[in-house]
Amino acid sequence: MGDDYSMSTKNFDILYEYLKGIRRGLEAPSLDISELDEAYRDFGQELLQTGEELTAYRVREKQLEEEKQHIQNRADMIEGYNELLVAMLSKRDEWLLVVDMNSKEVLYCNKRKQVGKTDKSFCRTCKSRLTFHPELLNWKGDEQYSVWEMAGADDTNYRITSFPIELKERSSYVHIIVDITEEKRMAHNLTSKAYHDPGTGIKNRLFFEEYMEIILREKQQATLCYLDLDGLKYVNDKYGHLEGDIYIQNFVEIIRKDFRSGDTFARIGGDEFCLVLTGNMKELMDKKLEEILIEFQESDFSEYQCSFSFGVVDIPGASNTMTLDEILQKADELMYECKRKNKEKYPELVR
């Protein structure tokens, strides 16, 4: 009987140590089934399987806790970004409105503090300045992106960019509202002032400089073509200034007929002209002006040879760092390469 008791105690001690290992949270407590007596091995095997399942559970529980912490950290980071974004938007000059597509509630406005319960209507400032707020609430756009304009209080003007979004599982419209009153005023001045060259009827240098100021300030993409009428002094000296004026008019007409009325064509000096088009198209314009040059050189406008030289520069928009003077200098350098070729063909005209 003493031997049985001793054997029982030995098996109990082995199993007890294994259970203590599990309790202490050891990831892989050891249990050697071969050390148990035959009568205890089935129970030991079941206990070992239970221990392995419990260990796997604890490992997964630890992984889930780590994932939970990671998600919480990301949520905290996103919340911080949102707070920063809201703070930045609140300092912007333009309005940013989010309107529920169905209920017409104002879900967000960057011009008011988003504290406590959300105000479902326009604040006093918005109602006062954005007198067209009913149109904002009831706007229905079929397209994904729409730009439209409205007049506000006190002769103000606004450009609205609208598009649909899903905000917190609510179908909504975003309206970005920009005050363009000054832009409208400048556009009016551009058309109402004396911005035309009296000799040709095209725009003059003042218009060109103010127009280019807008292009560069607003970081627009554009193509500038710098044109120089070859031999104007030669024509004036040999045939008289009246014929020189006719030479200029013929040149202006052949350029103007090949371009859109919306393109900006200006005389910036006696024999210097600039053509400005929206977008970057230097390669296309080099080819087109070369074709016009050949047509002008082969024309029968007069008994003297007609010709002009040109240089084309792309203004890249957002990445542009050149001033207007630097752009004109670059175009002038390219123009002189063309003038060198023309001088080889017509040495008497081009000096």
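Each remark here, short or long, concerns the structure printed above.
Residues numbered from 1 in each chain as written. Predicted model: local features only at pLDDT ≥ 70, side-chain atom pairs only at ≥ 80, totals over all residues. Heavy atoms only, no water.

**Student:** Requested: an account of the nonpolar core, with residues and values cited.
**Tutor:** Across soluble globular proteins, nonpolar side chains have a tendency to be buried as a group. In this structure, Leu 227, Tyr 247, Phe 251, Ile 255, Phe 265, Leu 289 and Phe 308 are the most contacted members of the largest nonpolar core, which totals 31 residues. Of all the elements, helix H8 (residues 241-256) adds the most residues to this core, at six residues. Residues within four places of Phe 265 in sequence aside, it is in contact with Ile 202, Lys 203, Leu 227, Phe 251, Val 252, Ile 255, Arg 256, Phe 273, Cys 274 and Leu 275. Among the nonpolar cores identified, the runner-up in size contains 21 residues, and Tyr 211, Leu 224, Cys 274 and Ala 331 belong to it. (Core = buried A, V, L, I, M, F, W, Y, C linked by side-chain atoms within 4.5 Å. Buried < 20%, exposed > 50% of the residue type's maximum accessible area, 1.4 Å probe, protein only. Helix = DSSP H or I, 4+ residues; strand = E, 2+ residues; numbered from the N terminus. Contact = heavy atoms within 4.5 Å.)

**Student:** Tell me about the pattern of salt bridges, and please be specific about residues and values.
**Tutor:** Summed over all chains, the structure comprises 19 salt bridges. The partner of Glu 182 in a salt bridge is Arg 185, and the shortest N-O contact between them spans 2.3 Å. Within this pair, Glu 182 and its partner Arg 185 are both found in helix H5 (residues 181-192), separated by three residues, close to a single helical turn. A salt bridge links Arg 260 to Asp 263, with the shortest nitrogen-to-oxygen separation between them at 2.7 Å. The class for Asp 263 is buried, based on a relative accessible area of 11%. (Salt bridge = Lys/Arg side-chain N within 4 Å of Asp/Glu carboxyl O.)

**Student:** Talk me through the packing of aromatic side chains; I want residue IDs and the actual numbers.
**Tutor:** Under the criterion given, the structure shown has 17 aromatic pairs. Linked through ring pairs, Tyr 234, Tyr 239, Tyr 247, Phe 251, Phe 265, Phe 273, Phe 296, Phe 301, Tyr 304, Phe 308 and Phe 310 together constitute an aromatic cluster. Here Lys 288 stacks its cationic end above the ring of Phe 259, 5.5 Å away from the centre of that ring. (Phe/Tyr/Trp six-rings, centres within 6.5 Å; stacked < 30°, edge-to-face > 60°. Lys NZ or Arg CZ within 6 Å of the ring centre and 35° of its normal.)

**Student:** For helix H6 (residues 205-217), give the residues involved together with the corresponding values.
**Tutor:** Here H6 contains 13 residues, and its C-alpha end-to-end distance of 18 Å stays within 8% of the 18 Å for a straight helix at 1.5 Å per residue. Those residues of H6 that fall on the buried side of the exposure criterion are Phe 207, Phe 208, Tyr 211, Met 212, Ile 214, Ile 215 and Leu 216. Capping the start of H6, Asn 204 holds a side-chain oxygen 3.3 Å from the backbone nitrogen of Leu 206, two or three residues further along. After H6 finishes, the residue Lys 219 shows a positive phi value of roughly 55°. (Expected span 1.5 Å × (residues − 1). Polar contact = N/O pair within 3.5 Å; in protein donor to acceptor, adjacent residues only side chain to side chain.)

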